[in-house]
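Summary of the model geometry
Below, each chain spelled out in residue letters.
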Amino acid sequence: MPDSPREPSDSTQSTRKSLDSLIRHATDSAVSWITLDRPEAMNALTWDQRERVITLLASASADPDVRAVVITATGRGFCAGADLRGAPAAGERIPGDVARTLRLGAQRLVAAVLDCEKPVIAAVNGTAAGLGVHLALACDLVLAAEPARFIEVFVRRGLVPDGGGAYLLPRLIGPQRAKELMFFGDALTARDAERLGLVNRVVPPEELERTARAWAERLAAGPTRALALTKQLVNASLDTDRTAAFAAEAAAQEINMTTTDAKEGVASFVERRGARYRGR
C-alpha cells in the first residue's frame, strides 16, 4: 500500500500561515483580491511572496468563478520592489546566474500579470518603486490614490531596470518620456502619472478601494472570454505588423463566437434587453 499522506509539519504550517498573512487573498463577487500586507517594509516582495502572487494569478486564470483581479496593498507603500533577503541562499555566483534569476523571478511576476486571462486592476495606495512600478504598470487598468508615487529607482542604485520596465514604459508613454523617468529616477506624483497616461484615474485615498471594487465588479459582470481575448490582442499589438494583427483579430473573433456570452450578447441586442453574461 502507498504511504498515507503526512500532515504538514508545524514549521511548514507556520511558514504557510505567515506567508498567507503577508499576501492576503479573498474572492468576493467573482473578484480575486490580492493584497500585499507587509506595510513595515513598504510591501517589498520577498522570493516566496512573489511566488505566492504568481500562483494566485495562475489560479485566477484557471478558475471560471473568478472574473476579475485586483492587486493592492496596505500601509503607505504599494510595493517597494524586490526584497532579496527572502531569496533562497545562493553559492558562488557564476556567469548566467543574474539573468536566470531575473527570468525566473521579476520577469515571471510581470509576465503572470500580463498573461492572466482575467482583467487585472492595480489599486496603488502608496509608493511604488522599482519592480513595484512595473507590477502596477503590467496591470490592465491602474487606479492610484492621491498620495501615490511612482519611482524608477534603479538608476539611484547603479542598476539597469528589470521586471520588464524597459519593455512596458516606452509602450505606455513613448521612449523619450520613458528614458527621462529611468535616467533620473525622480519620483512621479500620481497626478503626473495620470497626465502621462500611466494611470487611468487618481482618487482620494478613502475612495481607492471603493473605486477599485466598482471597476472590478463591473468587469466581473462582463463577457470574460471576450475580455481575455481583447487583452491578448491589445498586449500584442505593438509587437506585430498589421497582417499578423489582423489575422490574430480574426482568430480571436472566431474563438469568441463559440462562447455562451457571445451568443447572449447577440440575443440581448436582438431582443432589446440587457445582456446577462456568465463568463462562459
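Regarding the confidence of the model for the protein chain
Caution applies to low-pLDDT parts of the model: their predicted coordinates are not meant to be read in detail. The share of residues in the protein chain with pLDDT of 70 or more is 90%, and the mean pLDDT across the chain is 91. Contacts of residues 1-9 to residues separated by more than four positions or lying in other chains number 1 contact, the stretch itself having pLDDT below 50. For residues 11-17, every residue scores under 50 in pLDDT, and the model assigns this stretch 2 contacts once sequence neighbours within four places are set aside.

Re the sheet that holds strand β8 (residues 149-151)
Spatially, 4 strands are ordered β4-β6-β8-β9 in an open sheet, and the strand pairing comes out mixed. Looking at strand neighbours, the two that pair on one side only are β4 (77-79) and β9 (187-189), the edges of this open sheet. Mean inter-strand twist for the sheet, computed between neighbouring axes without regard to direction, equals 25°.

Section: the state of the cysteines
All told, the structure shown has 0 disulfides when counted by the stated rule. Left unpaired, Cys-79 is separated from the closest cysteine sulfur, that of Cys-139, by 11 Å. By relative accessible area, which is 0% here, Cys-79 ends up buried. Of all cysteine sulfurs in the structure, the one in Cys-116 sits closest to Cys-139, which takes part in no disulfide; the separation is 9.3 Å.

With respect to the pattern of salt bridges
Tallied over the entire structure, the rule returns 19 salt bridges. With a shortest N-O distance of 2.8 Å, Glu-51 and Arg-50 are connected by a salt bridge. Here the two residues Glu-51 and Arg-50 agree in accessibility, since each one is buried. Among the salt bridges present, the one from Glu-207 reaches Arg-210, with a minimum N-O distance of 3.3 Å. Beyond isolated ion pairs, a larger network of salt bridges with shared partners links Asp-28, Glu-209, Arg-213 and Glu-217.

Observations concerning the sheet that holds strand β3 (residues 68-73)
Read across the sheet, 6 strands follow the order β1-β2-β3-β5-β7-β10 without closing on themselves; strand pairing throughout is mixed. Strand pairing shows two members of the sheet lacking a second neighbour, β1 (23-28) and β10 (201-203), which therefore form its edges. For this sheet, the mean angle separating the axes of adjacent strands, direction not counted, is 20°. Relative to strand β7 (residues 141-145), strand β5 (residues 120-124) runs parallel, the two sharing 4 bridges. When the bridges of β7 are listed, Val-124 appears paired with Ala-144.

Calculation rules
- Residues numbered from 1 in each chain as written.
- Predicted model: local features only at pLDDT ≥ 70, side-chain atom pairs only at ≥ 80, totals over all residues.
- Heavy atoms only, no water.
- pLDDT = per-residue confidence, 0-100.
- Contact = heavy atoms within 4.5 Å.
- Pairing = 2+ DSSP bridges.
- Helix = DSSP H or I, 4+ residues; strand = E, 2+ residues; numbered from the N terminus.
- Axes fitted to C-alpha atoms, helices over the stretch in contact; angles between N-to-C directions.
- Disulfide = S-S within 2.5 Å.
- Buried < 20%, exposed > 50% of the residue type's maximum accessible area, 1.4 Å probe, protein only.
- Salt bridge = Lys/Arg side-chain N within 4 Å of Asp/Glu carboxyl O.

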